[in-house]
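Fold and contact review
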Amino acid sequence: DLKGSVSYYEFGIREWVRAILDLNHVKVGAVVGRQDTSGARFRVNSMDVNIGGGWFDFRELASEHLSSSGKLGIWEAGLDVEFPLPKKLSITFGVLWQLIHVSMVMKVDEEGKDILESLNYDVNKVEREIASSSNFFYLNPGVKWCGKTLCVSAVVPWGIFEKKKWAGGATLGVSVNF
């Protein structure tokens, strides 16, 4: 048996366009965006091998013989509405759709292949190419306060992925109006 986890440091650029329609202080906004991210600084977090009697840590060995590259691409589109309240407060609610495409290539060098083959482990289970796309939908309730030049907002994105799978988070924002 072989089990492990890896991670990447990701860096990318998000390009987006947002338009807002102000209808008697109720604001309706639309956003369309694209993000491209390249994975760098591949790191083996853990790599354990069960050799018939227990699990052994092979993290350092795997770090020497594994290499990987990855890319993340995101298309997104969303709508949101802002309802004004007294004292410069607003309640916001939005929906967001994202199409996320992940691609990854995992390679093992020749010495690593020899080690895996000596353990009777199929190298193809480690060395592979992965390409996957998924749709995600988010509900984004939040609150916003705006002064003359400064706005502060808090949004709680709630993602719905499958019937029993979801994720939450929080986004705090500060903007300056000019």
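Report on the accompanying structure. Please read all numbers here as calculations on a predicted model, not as lab measurements. (Residues numbered from 1 in each chain as written. Predicted model: local features only at pLDDT ≥ 70, side-chain atom pairs only at ≥ 80, totals over all residues. Heavy atoms only, no water.)

What the rule picks out here adds up to seven salt bridges. The salt bridge partner of Arg18 is Asp80, with a shortest N-O separation of 2.8 Å. Of this pair, Arg18 sits in strand E1 (residues 2–23) while Asp80 sits in strand E4 (residues 66–84), and the two are 62 residues apart along the sequence. Given a relative accessible area of 19%, Asp80 falls into the buried group. Taken together, the shared-partner salt bridges in this structure form one network comprising Glu110, Lys113 and Glu127. (Salt bridge = Lys/Arg side-chain N within 4 Å of Asp/Glu carboxyl O. Helix = DSSP H or I, 4+ residues; strand = E, 2+ residues; numbered from the N terminus. Buried < 20%, exposed > 50% of the residue type's maximum accessible area, 1.4 Å probe, protein only.)

This paragraph deals with the layout of surface pockets. The computed volume of the largest pocket comes to approximately 1200 Å³. If you list the elements that add at least two residues to the lining of the largest pocket, you get E1, strand E2 (26–50), E4, strand E5 (89–108), strand E6 (128–146), strand E7 (150–155), strand E9 (165–168) and strand E10 (171–176). Of the volumes computed, that of the second largest pocket is approximately 420 Å³. As for the second largest pocket, its lining consists of 24 residues, of which Leu2, Met47, Ala62, Leu66 and Val126 are closest to the centre. Listing elements by their share of the lining of the second largest pocket, those giving two or more residues are E1, E2, helix H1 (59–65), E5, helix H2 (110–118) and E6. At five residues, the largest contribution of residues to the lining of the second largest pocket is made by E1. Among the residues making up the lining of the second largest pocket, the classes are represented as 17 nonpolar, four polar and three charged. (1 Å grid on protein atoms, 1.4 Å probe; cavity = no way out; pocket = protein on both sides within 12 Å on 5 of 7 lines; lining within 4 Å. Points joined across faces, edges and corners; volume = space filled by probe spheres on them. Nonpolar A, V, L, I, M, F, W, Y, C, P; charged D, E, K, R; others polar.)

Per the stated rule, a full pass over the model turns up one aromatic pair. Aromatic pair Tyr8 and Phe42: ring centres 5.5 Å apart, planes at 50°, arrangement tilted. In this pair, Tyr8 sits in strand E1 while Phe42 sits in strand E2, placing the two residues 34 residues apart along the sequence. Tyr8 sits in the partly exposed class, given a relative accessible area of 24%. The side chain of Lys3 reaches across the aromatic face of Trp55, ending 4.4 Å from its centre. (Phe/Tyr/Trp six-rings, centres within 6.5 Å; stacked < 30°, edge-to-face > 60°. Lys NZ or Arg CZ within 6 Å of the ring centre and 35° of its normal.)

Residues Glu60, Glu64, Asp109, Glu111, Asp114 and Glu117 make up a contiguous surface patch of negative charge. With three residues, the top contributor of residues to the negative patch is H2. Tracing the sequence through the fold places Asp114 in helix H2. (Patch = residues over 30% accessible without salt bridge, like charges linked within 9 Å, V, L, I, M, F, W, Y side chains within 5 Å. Areas by Shrake-Rupley, 256 points an atom, 1.4 Å probe, with all protein chains shown as cover. Lys, Arg positive; Asp, Glu negative; His and termini not counted. Charge placed at Lys NZ, Arg CZ, Asp CG, Glu CD.)

A contiguous nonpolar surface patch, about 860 Å² in accessible area, is contributed by Phe83, Leu85, Leu89, Ile91, Val143, Trp145, Leu150, Val152, Val174 and Val176. Those elements that place two or more of their residues in the nonpolar patch are E5, E6, E7 and E10. Along the polypeptide, Val176 turns up in strand E10. Residue Val176 is classed as exposed on the basis of its relative accessible area of 57%.

Listed in full, the 12 residues of the largest apolar core are Val44, Met47, Val49, Phe58, Ala62, Leu66, Met104, Met106, Val108, Leu116, Val123 and Val126. The residues contacting Val123, other than those within four sequence positions of it, are Lys113, Leu116 and Glu117. Within the second largest apolar cluster, seven residues are counted, among which are Val31, Leu72, Leu96 and Phe136. (Core = buried A, V, L, I, M, F, W, Y, C linked by side-chain atoms within 4.5 Å. Contact = heavy atoms within 4.5 Å.)

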